[in-house]
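Fold and geometry: a report
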Amino acid sequence: EGDRLVFACTPDIQKAYGLQGIMIASAKDIACFYPRVKNSERKKGLGYYFWKWRTYLTQKMREQVLDNTAGFLAGILFGGGDELITKQTKELFQKTGTSHILAISGYNVSLVSLVLFWVVNMFRFGRKRASVISIVIIFLFVFFTGAHAASLRAAGMASAVLAAHCLGRQTSSLFVLLLVAGG
């Protein structure tokens, strides 16, 4: 279950009532003009705390560097900070075809997976333990960044490769892709 939002608005009275003033439409059929959030209640699950941490980190970046730079850093690191980048800068990224840099994708997850597995292996945990630790941290990273479909797919693929590595098996890119796409 997600966040709870309560909206206040001005309903379209003419659609709701007929000529005789008798209600002819159900509440779901009434158009709502100029809705505004009257009350919001964020669920305090794991996603909430990841969101709070992302917001905190973005704010700290904003305090240290200019808004555009903070937005760029937040975009590269965890796919956030969109509100810190000016419209002109966003347009420049779109014109140059590089706006994907500001979003979390499978590339970011694969890069994190590779670096993470390398770092964990430096501690000599052993292949199995390093794989399990890497899988857990990869999924924490994905949920921290908002658990978008592309990053979840990439995390699934990285987990399949690491699980095969853990079991001492070779992996086929096509098999891993089919496994994640079919799952």
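If you're wondering where the values come from, they're calculated on a predicted model, not measured in any experiment.

**A word on the overall build of the protein**
The helix and strand tally for the protein stands at 8 helices and 2 strands. Starting at the N terminus and ending at the C terminus, the protein contains elements arranged as β-α-β-α-α-α-α-α-α-α. A buried classification covers 25% of the 183 residues belonging to the protein. The contacts of the protein with a sequence gap of at least 6 include a subset with a gap of at least 24, amounting to 51%.

**A few points about helix α7 (residues 149–166)**
The end-to-end C-alpha distance of α7 is 25 Å, a good match for the 26 Å that 18 residues give at a rise of 1.5 Å each. Three or more residues of α7 are buried, namely Ser151, Ala154, Ala155, Ala158, Ser159, Ala160, Leu162, Ala164 and Cys166. Looking one or two places after α7, you find Gly168, whose phi comes out positive at around 75 degrees.

**With respect to the pattern of salt bridges**
Two side chains bearing opposite charge may form a pair once their charged atoms approach each other closely. Counted by the stated rule, this structure contains 1 salt bridge. One salt bridge in this structure joins Glu63 and Lys60, with 3.4 Å as the shortest N-O distance. Residue Glu63 and its partner Lys60 are located together in helix α2 (residues 46–64), separated by 3 residues, close to a single helical turn. Look at Glu63 and you get partly exposed, because its relative accessible area is 47%. By relative accessible area, which is 35% here, Lys60 ends up partly exposed.

**Some thoughts on the packing of α2 against helix α6 (residues 127–144)**
The angle between the axes and the distance between the axes are what describe a pair of packed helices. Closest axis-to-axis distance for the α2/α6 pair is 9 Å, and the angle between their directions is 70 degrees. As far as their axial angle goes, α6 and α2 are roughly perpendicular. Across the interface between the two elements, Phe50, Trp53, Arg54 and Leu57 from α2 touch Leu140, Phe143 and Phe144 from α6. By residue class, the composition of the contact of α2 with α6 is 6 nonpolar, no polar and 1 charged.

**Remarks on the side chain of Arg54**
Position of Arg54 among the secondary structure elements: in helix α2. Among the residues examined, Arg54 registers a relative accessible area of 18% and is labelled buried. Not counting residues within four places of it along the chain, the set of residues in contact with Arg54 comprises Phe78, Phe143, Phe144, Thr145 and Gly146.

**Re the packing of aromatic side chains**
Centre-to-centre distance and the angle between the planes together describe a pair of aromatic rings. According to the stated counting rule, one finds 3 aromatic pairs in the structure shown. Geometrically, the ring pair formed by Phe72 and Phe93 is stacked, given 5.9 Å between the ring centres and 20 degrees between the ring planes. In this pair, Phe72 sits in helix α3 (residues 67–78) while Phe93 sits in helix α4 (residues 87–95), placing the two residues 21 residues apart along the sequence. On the basis of relative accessibility, which here comes to 31%, the residue Phe72 falls in the partly exposed class. Taken together, the ring pairs in this structure connect Phe50, Trp53 and Phe144 into an aromatic cluster.

**What to know about the nonpolar core**
Membership of the largest hydrophobic core comes to 13 residues, with the highest contact counts inside it found for Val109, Ile138 and Ala155. Going through the elements one at a time, α5 (106–122), α6 and α7 are the ones with two or more residues in this core. Excluding residues that lie within four positions of it along the chain, Ala155 makes contacts with Val109, Ile138, Phe139 and Val142. Formed by 7 residues, the second largest nonpolar core is a distinct cluster that contains Ala74, Phe78, Leu84 and Phe144.

**Structural notes on the packing of α5 against α6**
It is at 9 Å that the axes of α5 and α6 come closest, and there the two elements cross at 145 degrees. As α5 packs across α6, the resulting crossing turns out to be right-handed. Residues Val109, Val112, Ser113, Leu116, Phe117, Val120 and Asn121 of α5 form the contact with α6, whose own contacting residues are Ala130, Ser131, Ile133, Ser134, Ile137, Ile138, Phe141 and Val142.

Parameters and conventions
- Residues numbered from 1 in each chain as written.
- Predicted model: local features only at pLDDT ≥ 70, side-chain atom pairs only at ≥ 80, totals over all residues.
- Heavy atoms only, no water.
- Helix = DSSP H or I, 4+ residues; strand = E, 2+ residues; numbered from the N terminus.
- Buried < 20%, exposed > 50% of the residue type's maximum accessible area, 1.4 Å probe, protein only.
- Contact = heavy atoms within 4.5 Å.
- Expected span 1.5 Å × (residues − 1).
- Salt bridge = Lys/Arg side-chain N within 4 Å of Asp/Glu carboxyl O.
- Axes fitted to C-alpha atoms, helices over the stretch in contact; angles between N-to-C directions.
- Parallel < 35°, antiparallel > 145°, perpendicular 65-115°, else oblique.
- Nonpolar A, V, L, I, M, F, W, Y, C, P; charged D, E, K, R; others polar.
- Phe/Tyr/Trp six-rings, centres within 6.5 Å; stacked < 30°, edge-to-face > 60°.
- Core = buried A, V, L, I, M, F, W, Y, C linked by side-chain atoms within 4.5 Å.
- Left-handed = near helix turned anticlockwise from the far one by under 90°.

Functional significance is not addressed by these values, which are geometric in nature.
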